[in-house]
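Overview (structure and organization)
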Amino acid sequence: MVRMAPSILSADFAALGAEIDRVRPEADWLHVDVMDGHFVPNLTIGPPVVAAIHRHTDTFLDCHLMMTNPGDYLEAFAEAGAGSCSVHVEVGRTSELIEEMRQLRIGVGLAVNPETPIEACEPWMSQIDLLLVMSVHPGFGGQHFMAEAVPKVEWAYDKVRREGLQLSIEVDGGIDSDTVAEMAKAGADTFVAGSAIFGHPDPLAAAEAIRQAALAAVAAR
Ligand code: DX5
Ligand code: ZN
């Protein structure tokens, strides 16, 4: 499976509805980067903006919570229309956060930073819907792809296959029509791309090209 999740972080926030409409035919999900100025040194989007996007489109909203205290906001994101939330394994309280997301009936994601070993997610892999492997340091769009993330995806994909887990592997950071192939070959199925889509003069064509490159890599796997 290849699922495309354009990241609106690189879209023009003053024209967000129109930006979303431009990529909608290629957007299986929309990736929404929530940054709290604490877990990462940047501030972005909160529940009111998610609610506005949800009123604008019925596309699944994949909310990536780069926050120290996501537990304080899960209910607000669920009410705003988040389809899933991904919390970072680095912030701890993972079991409680997973339980809360289940109770809120949203998709349950666990995200892992480049410097954190993927094995840190292992205890929860049978309980989550989505493993979000970062291939840049979180906080900003437009950074260079870190190839160190590839073996982490391979490790996760191997475990998913061996144990028959129902788990999507999502990759986030520096994904474009070149780097996507490595990640698709390694076993990722959900691809976040921000600057490679919204920084392109034709965002829809860019998203389509990334999807085609991923599909070709999956077919050759
Ligand atoms: C980075 C965010 C990413 C970001 C990716 O902290 O989590 O989702 O939007 O942007 P690109 O695709 O430009 O690396
Ligand atoms: Zn993200």
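Look above for the structure.
Parameters at a glance
Residues numbered from 1 in each chain as written. Chains lettered and ligands numbered in written order. Predicted model: local features only at pLDDT ≥ 70, side-chain atom pairs only at ≥ 80, totals over all residues. Heavy atoms only, no water. Near = heavy atom within 4 Å. Polar contact = N/O pair within 3.5 Å; in protein donor to acceptor, adjacent residues only side chain to side chain. Areas by Shrake-Rupley, 256 points an atom, 1.4 Å probe, with all protein chains shown as cover. 1 Å grid on protein atoms, 1.4 Å probe; cavity = no way out; pocket = protein on both sides within 12 Å on 5 of 7 lines; lining within 4 Å. Sits in = over half its atoms within 2 Å of the grid points. Helix = DSSP H or I, 4+ residues; strand = E, 2+ residues; numbered from the N terminus. Points joined across faces, edges and corners; volume = space filled by probe spheres on them. Nonpolar A, V, L, I, M, F, W, Y, C, P; charged D, E, K, R; others polar. Core = buried A, V, L, I, M, F, W, Y, C linked by side-chain atoms within 4.5 Å. Buried < 20%, exposed > 50% of the residue type's maximum accessible area, 1.4 Å probe, protein only. Contact = heavy atoms within 4.5 Å. Salt bridge = Lys/Arg side-chain N within 4 Å of Asp/Glu carboxyl O. Pairing = 2+ DSSP bridges. Axes fitted to C-alpha atoms, helices over the stretch in contact; angles between N-to-C directions. Parallel < 35°, antiparallel > 145°, perpendicular 65-115°, else oblique. Left-handed = near helix turned anticlockwise from the far one by under 90°.

Looking now at the site of ligand 1. In the neighbourhood of ligand 1, 20 residues make up the surrounding shell, with S7, D33, G139, D172 and S195 lying closest. Within the contact set of ligand 1, an oxygen atom lies 2.7 Å away from a backbone nitrogen or oxygen of G139. In isolation ligand 1 has 380 Å² of accessible area, and contact with the protein removes 100% of it. Counting atoms within 2 Å of the grid points, the majority share of ligand 1 lands in the largest pocket. Breaking the shell around ligand 1 down by element, the ones donating at least two residues are β2 (29-35), β3 (60-66) and β8 (190-193).

Turning to the layout of surface pockets, a few remarks are in order. Considered as a void within the structure, the largest pocket measures approximately 260 Å³ in volume. Considering the residues around the largest pocket, the lining is formed by 26 residues, among which G141, G142, D172, G173 and G174 are closest to the centre. Of all elements in the fold, only β2, β3, β8 and α7 (195-198) reach the threshold of two or more residues within the lining of the largest pocket. Here the lining of the largest pocket is composed, by residue class, of eleven nonpolar, twelve polar and three charged.

A word on the nonpolar core. Most often, soluble globular proteins keep nonpolar side chains buried together rather than apart. One finds I8, L65, C85, L131, V133, M183 and F191 to be the most contacted residues of the largest nonpolar core, which totals 66 residues. When residues in this core are grouped by element, the largest group, six residues, is from helix α5 (residues 149-163). Dropping the residues within four chain positions of it, L65 is found in contact with V34, P70, L74, F77, C85, S86, V87 and H88.

Another point: the pattern of salt bridges. Scanning the entire structure with this criterion turns up ten salt bridges. For E19, the salt bridge is made with R22, and the minimal N-O distance between the two is 3.7 Å. Of this pair, E19 and R22 both sit in helix α1 (residues 16-23), separated by three residues, roughly a single helical turn. What makes E19 buried here is its relative accessible area of 11%. According to the relative accessible area criterion, R22 is partly exposed, its value standing at 42%. K159 is the salt-bridge partner of E163, the closest N and O atoms lying 2.9 Å from each other.

Below, the discussion takes up the sheet that holds strand β4 (residues 84-88). Strands sit in the order β1-β8-β7-β6-β5-β4-β3-β2 across an open sheet of eight strands; the sheet is parallel. Of all the strands in the sheet, just β1 (3-6) and β2 have a single pairing partner and so form its edges. Ignoring strand direction, the axes of neighbouring strands in this sheet form an average angle of 25°. In the sheet, β4 pairs with strand β5 (residues 107-112) via five bridges, with the strands oriented parallel. The residue of β5 that forms the bridge with S86 is G109. Packed on one face of the sheet, helix α2 (residues 47-56) meets β2 and β3 and runs near 165° to β3.

It is the contact of α5 with helix α6 (residues 179-186), at a shortest axis distance of 8 Å, that shows an interaxial angle of 25°. One way to sum up the angle between α5 and α6 is to call them roughly parallel. In this structure, α5 meets α6 at a crossing whose hand is right-handed. Together, A149, V150, V153, E154 and Y157 of α5 and E182, M183 and A186 of α6 make up the contact between the two elements.

Its location among the elements puts R211 in helix α8 (residues 203-219). Given a relative accessible area of 14%, R211 falls into the buried group. In this structure, the C-alpha to C-alpha distance between R211 and Q103, residues 108 residues apart in sequence, is 33 Å. Setting aside its immediate chain neighbours within four residues, R211 contacts V2, M4, E26 and D28.

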